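Observations on the three-dimensional arrangement
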Amino acid sequence: MKLLVTGGAGYIGSVVSHLLLDAGHEVVVLDDLRTGHADAVPAGARLAQVPLAEVASVLTPDAGFDGVLHLAGLIAAGESMVRPELYWDANVVGSLALLDAVRAARTPRLVFSSTAAVYGNPSELPLTEAAITAPTNTYGATKLAIDHAITSEVAAYGLAAVSLRYFNVVGALRRPDGTFVGERHDPETHLIPIALQVAAGERETLDIFGDDYPTTDGTCVRDYIHVEDLARAHLLALAAATPKEHRVYNLGNGNGFSNLEVVAAVRQVTGRPVPVRMAPRREGDPAELVASSARARQELGWAQAKPTITEMIDDAWAFLQR
Ligand code: UDP
């Protein structure tokens, strides 16, 4: 298939692009390189350095795209509470421009990067796709808004769409030639890459945001998934996308790790000290997010190759050290 990958110069988008090319698809990456990296785009893909708002200049009716994988967006939950307007613009206004282009070009398939943050503080765990969506941060609210827009688009125009609700993504893609495709956010805001930077001596301490949550040790609990396992789900979703259906799948491993358990795992994998400092809560953080991915397993045949947090941290550490 000829596929457009928005955000394909970013962390998850570049891994998805690699796997699509490996599977024999033609890939065009749309990325404005605001947060992505040109050198993350695989050699076999074409890069269109275009803002999402101008996607119609690439996704034209004549271009013959068979589908879009829409990963472009802003992703930092903490920042979304401080600069919400950036998130409504990039994630919602940008995605509406994409839906306009998809409709105008009659592109048949769409796979969208949604998030566990759409659920907010869950009433029961693990979270199924039937859980109430009540985001506690602006990031989750913007992603939920697009999920709703996609549902409308599917109902009105028959688009085949799949929203993938990612839990916390870590690790790196190991290529056969020994190179890695991994996470390079600047500034980095996510727990595991920051903990690894501390282990590597690039930062002095890790601030833990809050130790008074209603969890086993008082720190937030998250469900981690290896980026390669997550990326593989995109290919399965693309194949399963069905006209007039908006399918939704949670993608996580079903196990929660507290922030302090994550730090312990980082210490174990790296063999290095990771000094931590307790800090105030970060605005908008739900206490605990743990996925049920039973639906993805049943309907997509999705399975994880690297389900343990040590394998995930190990690959992220190997990437950082290169
Ligand atoms: N976190 C932390 N210190 C940091 C970065 C993150 O304590 O320097 C916490 C954050 O408050 C949350 C968890 O780690 O409880 C996961 O946050 P992250 O930003 O990695 O992912 P999110 O779950 O927000 O998508």
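Identification of the chain as UDP-glucose 4-epimerase from Pilimelia columellifera subsp. columellifera is taken from an unreviewed UniProt entry. In UniProt, the chain has this text filed under Catalytic activity (unreviewed entry): "UDP-alpha-D-glucose = UDP-alpha-D-galactose".

1. Observations concerning the pattern of salt bridges
The tally for this structure, following the rule as stated, stands at 17 salt bridges. The closest approach of N and O atoms between Arg174 and Asp315, which form a salt bridge, is 2.7 Å. On the criterion of sequence distance, the pair formed by Arg174 in strand S8 (residues 173-174) and Asp315 in helix H9 (residues 309-321) is long-range, its members being 141 residues apart. Taken together, the salt bridges that share partners define one network made up of Asp100, Arg103 and Glu153.

2. Side note on the packing of aromatic side chains
Tallied over the full model, the rule gives zero aromatic pairs. Lys2 extends its terminal NZ or CZ atom over the ring of Phe65, reaching a point 4.7 Å from the ring centre. Just above the ring of Tyr213 sits the side chain of Arg281; from NZ or CZ to the centre is 3.9 Å.

3. A closer look at the side chain of His246
You can see His246 is positioned in strand S13 (residues 246-251). Only 2.7 Å separates the side chain of His246 from the side chain of Thr151, close enough to count as a polar contact. At 2.8 Å, the side chain of His246 forms a polar contact with the side chain of Ser163. With residues near it in sequence (within four places) discarded, His246 still touches Asp147, Ile150, Thr151, Val154, Ala161, Val162 and Ser163.

4. Description of the site of the ligand
The local shell around the ligand holds 15 residues, among which Leu191, Asp207, Arg222, Arg282 and Asp285 are the closest. Between the ligand and Asp285, the relevant distance is 2.5 Å, taken from an oxygen atom to a side-chain nitrogen or oxygen of the residue. A total of four residues in the shell around the ligand trace back to one element, the largest contributor, which is strand S10 (residues 206-209). Of the residues in the shell around the ligand, the class split is seven nonpolar, four polar and four charged.

5. Here's the deal with unusual backbone geometry
A cis amide bond, omega -5 degrees, links Leu125 with the succeeding residue Pro126. By secondary structure assignment, the location of Pro126 is in the loop between strand S5 (109-115) and helix H4 (138-157). The step from Asp186 to Pro187 runs through a cis peptide bond, and the omega angle for that step is 5 degrees. Mapped onto the fold, Pro187 is located in the loop between strand S9 (180-181) and helix H5 (191-199). Even without being glycine, Lys244 reaches a positive phi, approximately 70 degrees. The residue Lys244 is located in the loop between helix H6 (227-240) and S13 in this model. Looking at Lys244, the relative accessible area reads 67%, which means it is exposed.

6. Examining the pairing of strand S6 (residues 160-166)
In terms of residue burial, S6 counts as a mostly covered element, since seven of its seven residues are buried. Burial of the side chains of S6 extends over both faces: Ala160, Val162, Leu164 and Tyr166 are buried on one face and Ala161, Ser163 and Arg165 on the other. Where S5 lies against S6, seven bridges are found, and the strand directions are parallel. Directly across from Phe112, in S6, lies its bridge partner Ser163. Crossover handedness for the path S5 to H4 to S6: right-handed.

Cut-offs and rules
Residues numbered from 1 in each chain as written. Predicted model: local features only at pLDDT ≥ 70, side-chain atom pairs only at ≥ 80, totals over all residues. Heavy atoms only, no water. UniProt positions renumbered as here; feature names shortened; annotations may be inferred. Salt bridge = Lys/Arg side-chain N within 4 Å of Asp/Glu carboxyl O. Helix = DSSP H or I, 4+ residues; strand = E, 2+ residues; numbered from the N terminus. Phe/Tyr/Trp six-rings, centres within 6.5 Å; stacked < 30°, edge-to-face > 60°. Lys NZ or Arg CZ within 6 Å of the ring centre and 35° of its normal. Polar contact = N/O pair within 3.5 Å; in protein donor to acceptor, adjacent residues only side chain to side chain. Contact = heavy atoms within 4.5 Å. Near = heavy atom within 4 Å. Nonpolar A, V, L, I, M, F, W, Y, C, P; charged D, E, K, R; others polar. Buried < 20%, exposed > 50% of the residue type's maximum accessible area, 1.4 Å probe, protein only. Pairing = 2+ DSSP bridges. Right-handed = clockwise from strand over helix to strand, strands pointing away.

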